Amino acid sequence: MLVSLSWLKKYVHIPTDTEQLTKDLTMLGLNVEQCIERGLDIDELVVGRVLEAKRHPNADRLTLCRVEVGPGDVRDIVCGAPNVAAGQFVPVALPGASLPNGMKIKRSKIRGVESNGMICSEIELGVGEDAAGIIVLDGEHELGSPAGKLLMPPDTVLEIEVTPNRPDLLSHLGVAREIAALYKLDVKLPRLGDIARADAPDFRIDIADATDCARYVGKRVSGVRVAPSPTWLSQRLEAVGVQSVNNVVDVSNYVMMELGQPLHAFDFVKIRGATIQVRRAEPGERIKALDGKAYELNKEVLVIADERESVALAGIIGGEESAVSEETTEILIESANFHPTVVRKGRKSLGVDTEASYRFERGVDREMCHLAAHMAAEMICEIAGGEIGAVVDNYPTPYEAKSIAIRESNTRRILGSPLTTPDIAGLLERFGLAVVNRSDEVVSVEVPSYRPDLVEEIDLIEEVARLYGYDRIGRGWNFRCTTFARAEAFDQFVEGVSNHLTARGFNEVIASAFTDGRELEDFEWPKGDLRRCPIPVRNPLNVNHKYLRTSLVPGMLEIIRRNIDHGVKRLRIYQVGKVFLAPEGLTQLPEEESTLTLAMSLPGGTDFWYDSRSELELFDIKRELEMLFGSFRVELGSDICYDFDGATGRFTYSSKEGTLVEGGIVTDRVARRYDLDQPVWHASVDLAKCYELCTRQERLEALPDYPASKRDLSLVGPKGVTYREIEKALVRHAGRLLESLVVFDVYRGENIPEECTAYGVRLNFRSAERTLRDEEIDRIIDKVISKLKNELGVELRS
Amino acid sequence: MDARSLEESIRKDIENAANDQALEEARIKYLGRRGLVTSLLKNIKDAPPAERPKLGATSNRLKKLAESLIEEKLTVLRAAQPASRFYTPPHDATLPAHDGLTGHRHVLSKVFGEIKDIFVGMGYTLASGPQVELEYYNFQALNFPDEHPSRDEQDTFYITDDMLLRTHTSPVQVRYMEEHKPPLKIIAAGRVFRNESIDPSHAAEFHQVEGLYVDTDVALADLKKDVEIFIQQLFGSKTQVRFRPSFFPFTEPSAEVDMTCFVCRGSGCSVCGKTGWIEIMGSGMVHPNVFRAVGYDPDIYSGFAFGMGVDRVAMIKYGIDDIRLFLGNDLRFLSQF
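Caption draft 1: Main features of the overall build of chain A. A count of helices and strands for chain A gives 21 helices and 37 strands. The C-alpha atoms of chain A give 42 Å as radius of gyration, which overshoots the globular expectation for 798 residues (28 Å, by more than 25%). The burial tally for chain A puts 52% of its 798 residues in the buried class. Contacts spanning at least 24 positions in sequence make up 69% of the contacts within chain A whose residues lie at least 6 apart. Here chain A displays about 38,000 Å² of accessible surface, and carbon together with sulfur accounts for 48% of that area. Between the centroid of the 99 positive side chains of chain A and the centroid of its 127 negative side chains there is a distance of 3 Å.

So, in structure tokens, the structure goes:
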């Protein structure tokens, strides 16, 4: 909301400078976003008087003037305007002046005659739209005095951020009331002439629904002459961001900016049957509005109609046909109160937003209707001529004043400030809230019609607080805490995982939760997998926001591709984020699974001297996952097992709870889609399931008292037997004395039968009770070897 | 042996010592209990009194010479020896060992971690809620009436008629209060969504931290204290904090929280728009309607809530001028934190 200080001064005295006012308003809750200084401050623009005006000797359309631009300082000036005449007081730009349109005035010769300045028009000075002639100043003025001030008085305009709960502040009067409260002053209300003149009305107003329209004041003005507005009016409107249209429309906007009541002026002759109906639109009804657009209406839209059809969209915008035009002489001013929700739904369904609808949907003071109509009528008569006619005030739903009680104890409790009942009453009265009842503990005040935001006690407590001053509350207050806290366990787990991964050289990324869905074609998720049917967004911003992601992988691939484009090709990244899974036809909130995805990518070829390998392989990502599990003491084999599909490069780790990790290499098909020219390995971890495994209660296992015995075996596995099968059999047959085992060598090639693999396995045996004897272990080894041979065809390497 | 030949012999023996052992032998030869220099010193008392000063000076000089030569030689020998039997000097030890690929937390995680640590230290517990949220929790329960203009400030992505992507983390307040009894002091953090066109200062997805404290007799003064402590912990103890009245449907009285500009320290600059203040969070006392929605009696309980954008805090803290960088995940950006 733009408010002009000179306009505000009509209603309230401003006892401070702009800087202080800005601070005070901001701390009262009227955040001043900027101050705009206005005015026409041009050096060498002075008041002059045309002493003589005669035709230019060499040009029919030019006039040669003698202009007195200071006592005794008479200059020859050539003027092209048709309206220049001797005796006029005019603004003269002298040589050296720079005009707002960029023009610099110099002494010059025009058609052979010297000209020592320029007599200015509105458009040249940027004070109006009139380009046809020079500005003629009303009255007499001191010659040579600055003309800028006369043409555009200096003013300061404040841009105030108005929150949606305070429709009253969308007017100068409303802001003036706050200033009055701030500085303990009174608001000066406008003096109007006889408001209740009782001509017999020549029209009627029918309101179909008293909820839709609480009040409708129609006021007639006859015999007006529609013309451009006087400069002061168009300048005032312009200062607060409203474009001047004509004197009648400008007056209605002026009253809206002043009192907050949106008005509309109809060309009364165009209202067929002299009947105003306020009703909902018929489905399919159409209207061409003032913005030049045709609207097809629906029953959400409240309209003003004459006896045949709609002539305006109530509270939103007028119709083109019934609008005031240059030929209009008979006017009907509408000053009404429409229901906020009705206006909002209507204007949303039509996709329009106007100054009027903005105010109505926030709530307009219905007690203001009559006054606003009258003020507009008086102004129109004054500016556009004419005579005030009849008024009809149809007021089916009058404002019912209510009172609200505020307790001293509750005020103190909520604010933590030792305010007393008299303090509270005093502060509220400054806002114009009349105290209707008062005891030691309770103050009751009556809520004025312009404050729809004041509904219950807490609203009054806020009023007390902001006028008392937020900065005065809680000075010297101590920190108070009635709870104890520590970081939440799951959160700490995730934090631990993150720290582990960053220490391993992974960069954390955070990607969008949306997806365009292109991954659906290329990621071969199995039938029935919920990732295949992402949740669609109803009103996406663009194609990238079509769905919610069901996997973090596509987003990570996108990140990898973008970074490769930037020349960053060695990538180790991870992300912790939510994926959204739900069966089609969402009936309840979707599962939001906390997922961790790792991705590693390296370009082909060695690009760092210390790395011996250049290609990423399965074991690179497997190592990362197994280190991660290891750091949480999750044991592979006993706690989780993994499956690796050699053909596709996919793998999973699962526990009793189901799949914990799923990963693999990006297929060529996907790589093409993401334009990736280097291998990417990725793995996605279900964090909630891992958390269960990783945070089991742990108790100390006593350190061993007896020594371990090591045995190395060299085993040859036949084709088709995997290490994991051998290991399982080893563990099973070696029994509980086997403490641990490790593969120290894997060999294929010479001296080994073709397609067989030799494994060097070191077994560690230990007993908690005694030192093991060699014979004992020999027996175990013999048994293991024979079992391996029988079950898997594994031989001892000779 | 005269002094000169003794000196020569000292120099030669020490110079020629090839290892620690040979050097030790040389030391014993000259400086040992029966060493040549030692004997020379011992014999001074037997010399004629007139020769004693000269002899004394010579002997002492030789002793010092031998000591310093041994010291020097020792250093030379040590340097020539491998420090460990497990070590072979490389051809060039100046080569880099690491390819520069280091891991970094995302700047948003980093900032959120700091924020969280401060609040946990002040007794706040971490709470969370869904990102796909019911309209009820996102709006109605938070005192946003249907068709109220206050909803315009939060352009919403809808999933179904009553499901949406949460526009703020405040629904967590309602969910938490439904399941817990006061006193409670929580922070909730996470992704929020606004259906807004994207530019350097607006993102459709960003992150918030939300705080809530409810107990009997929690006052606006408590809110001011907690927020002030938090901001001074995060931005430094000299930071000043200002509360100015504002409006949020779910709090009343409501306050916008400003802090003194970290660039100009309050004197006014281009970062703070010449005001000296930077808007950092919204806050206020929990509105009685929110308490009613969760079944708390507003005459018994009171509380405060506040919320801030993690992205915004990160932008202020690190001078980041484009919010889109956060989800852009350019490693040249990420690896700066």
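Caption draft 2: The arrangement of the nonpolar core in detail. Judged by nonpolar contacts, the single largest core of 152 residues is most densely connected at Leu557 of chain A together with Ile231 of chain B. The residues contacting isoleucine 231 of chain B, other than those within four sequence positions of it, are Gly236, Thr239, Val241, Val257, Met259, Ile280 and Met281 of chain B. Phe266, Val278, Ala289 and Tyr295 of chain A belong to the second largest nonpolar core, which has 35 residues in total.

Caption draft 3: Representation of the packing of helix H2 (residues 20–31) of chain B against helix H3 (residues 36–43) of chain B within the structure. Residue and element names in this part refer to chain B. Look at H2 against H3: their axes get within 3 Å of each other, and the N-to-C directions meet at 15°. Relative to H3, the element H2 lies roughly parallel. Residue-level inspection shows Lys29, Tyr30 and Leu31 of H2 in contact with H3, the latter providing Leu36, Val37 and Thr38. Of the residues in the contact of H2 with H3, the class split is four nonpolar, one polar and one charged.

Caption draft 4: Representation of helix H16 (residues 553–565) of chain A in the model. A rise of 1.5 Å per residue sets the reference length of H16 of chain A, with its 13 residues, at 18 Å; its end C-alpha atoms lie 18 Å apart and thus fit the reference within 8%. Counted residue by residue, H16 of chain A has ten buried out of 13 residues, so it is predominantly covered. All buried positions along H16 of chain A are accounted for by Val553, Pro554, Met556, Leu557, Glu558, Ile559, Ile560, Arg561, Asn563 and Ile564 of chain A. Where the residues of H16 of chain A are buried, they touch helix H15 (519–522), strand E28 (571–581), strand E29 (591–601), helix H18 (668–673) and strand E33 (680–686) of chain A together with helix H12 (331–334) of chain B. Phi turns positive one or two residues past the end of H16 of chain A, at glycine 567 of chain A, with a value near 90°.

Caption draft 5: Here's a closer look at unusual backbone geometry. All names here are of chain B. Cis geometry is adopted by the peptide bond preceding proline 183, which originates at proline 182 and carries an omega value of 5°. With respect to the helices and strands, the residue proline 183 is situated in the loop between helix H7 (171–179) and strand E4 (184–193). Following glutamate 252, the chain continues to proline 253 via a peptide bond in cis, the omega torsion being -5°. Tracing the sequence through the fold places proline 253 in strand E7 (residues 251–260). The phi dihedral of asparagine 143 falls on the positive side, at around 70°, and the residue is not glycine. The residue asparagine 143 is located in the loop between helix H6 (135–138) and strand E3 (163–165) in this model.

Caption draft 6: Structural context of the sheet that holds strand E17 (residues 302–305) of chain A. Strand order in the open sheet formed by five strands is E11-E14-E17-E18-E19 (chain A), with mixed pairing between adjacent strands. The sheet is open, and its two borders are formed by strand E11 (204–207) and strand E19 (317–318) of chain A, each paired with just one other strand.

Caption draft 7: Main features of the pairing of strand E8 (residues 277–286) of chain B. All names here are of chain B. When you tally the buried positions in E8, you get eight out of ten residues, the bulk of the element. As judged from the eight bridges shared by E7 and E8, these two strands associate in the antiparallel manner. The residue bridging threonine 251 from the neighbouring strand is valine 286, located in E8. Note that E8 and strand E9 (residues 301–309) share four bridges and pair antiparallel. Bridging from a neighbouring strand, methionine 285 pairs with phenylalanine 304 of E9.

Caption draft 8: Just the domain arrangement of chain B, in detail. Domains assigned within chain B are domain 1 (3–86) and domain 2 (107–334). Relative placement of domain 1 of chain B and domain 2 of chain B: their C-alpha centres are 79 Å apart.

Caption draft 9: Expanded view of a nonpolar patch on the surface. Taken together, the side chains of Trp609 and Tyr610 of chain A together with Leu95 of chain B make up a nonpolar region of the molecular surface, amounting to roughly 350 Å² of accessible area. Counting through the fold element by element, tyrosine 610 of chain A comes out in the loop between E29 and helix H17 (618–631). Judged by relative accessible area, which is 52%, tyrosine 610 of chain A ranks as exposed.

Caption draft 10: Structural context of helix H19 (residues 687–694) of chain A. Residues and elements named next belong to chain A. All buried positions along H19 are accounted for by Leu687, Cys690, Tyr691, Leu693 and Cys694. Considered in projection along H19, the buried side chains sweep an arc of 165° and stay on one side of the axis. One side-chain oxygen at the N-terminal end of H19 lies 3.2 Å from the backbone nitrogen of alanine 688; it belongs to aspartate 686.

Caption draft 11: Region of the structure containing the interface of chain B and chain A. Across the boundary between the two partners, chain B contributes 95 residues, which contact 90 residues of chain A. Summing the contributions of chain B and of chain A, the shared interface buries around 7,500 Å²; its carbon and sulfur component is 55%. Counting the contacts that link chain B with chain A gives nine salt bridges. Aspartate 491 of chain A is paired through a salt bridge with lysine 116 of chain B; the nearest N and O atoms lie 2.9 Å apart. There are 45 residue pairs in polar contact (both at pLDDT 80 or more) connecting chain B and chain A. Ranked by residues supplied to the side of chain B that touches chain A, first place goes to helix H8 (residues 220–235) of chain B with seven residues.

Thresholds applied
- Note on numbering: residues in each chain are counted from 1, in written sequence order.
- Chain letters start at A and ligand numbers start at 1, both assigned in the order the entries are written.
- Local features in this predicted model are restricted to residues whose pLDDT is 70 or higher, and side-chain atom pairs enter the listing and the counts only when it is 80 or higher, whereas totals over whole chains, interfaces and linings include all residues.
- Heavy atoms from the whole structure form the basis of all side-chain values; hydrogens and water molecules are not counted.
- Strands here mean DSSP runs of E at least two residues long; helices mean DSSP runs of H or I at least four residues long; both are numbered from the N terminus.
- With C-alpha atoms as the basis for the radius of gyration, the globule rule is written as 2.2 Å multiplied by the number of residues raised to the power 0.38.
- Here's how the labels work: a residue is buried when its accessible area is under 20% of the maximum for its type, exposed when over 50%, partly exposed in between, all with a 1.4 Å probe on protein chains only.
- Here, residues are in contact when the closest pair of their heavy atoms is within 4.5 Å.
- Only the protein chains shown count as cover for residues, and all accessible areas are computed by the Shrake-Rupley method using a 1.4 Å probe.
- Residues scored as charged are limited to Lys and Arg (positive) and Asp and Glu (negative), so that His and the chain ends carry no count.
- We put the charge of a Lys on NZ, of an Arg on CZ, of an Asp on CG and of a Glu on CD.
- Side-chain atoms within 4.5 Å link the members of a nonpolar core, which is a set of buried Ala, Val, Leu, Ile, Met, Phe, Trp, Tyr and Cys residues.
- A fitted line through C-alpha atoms serves as each axis, taken over the contacting stretch for helices, and the angle formed by two N-to-C directions is quoted from 0 to 180°.
- Angles are sorted into four bins: roughly parallel if under 35 degrees, roughly antiparallel if over 145, roughly perpendicular if 65 to 115, and oblique for all others.
- In this count, Pro and Cys sit with the nonpolar residues alongside Ala, Val, Leu, Ile, Met, Phe, Trp and Tyr, while Asp, Glu, Lys and Arg are called charged and the others, Gly among them, polar.
- Take the residue count of a helix, subtract one, and multiply by 1.5 Å to get its expected span.
- Note: two strands are recorded as paired if DSSP finds a minimum of 2 bridges between them.
- As used throughout, domain bounds are those supplied by an automatic or database domain assignment.
- Residues enter a patch when their relative accessible area is above 30% and they make no salt bridge; the linking distance is 9 Å between like charges and 5 Å between nonpolar side chains (Val, Leu, Ile, Met, Phe, Trp, Tyr).
- Salt bridges are defined as contacts in which a side-chain nitrogen from Lys or Arg sits within 4 Å of a carboxyl oxygen from Asp or Glu.
- Arc definition: directions from the helix axis to the C-beta atoms.
- Any pair of N or O atoms that falls within 3.5 Å is considered a polar contact. Within protein, one atom must be able to donate a hydrogen and the other to accept it, and sequence-neighbouring residues count only if both atoms are side-chain atoms.
- For any pair of parts, buried area is found by adding up, for both, the accessible area (1.4 Å probe) each one loses once the two are put together.

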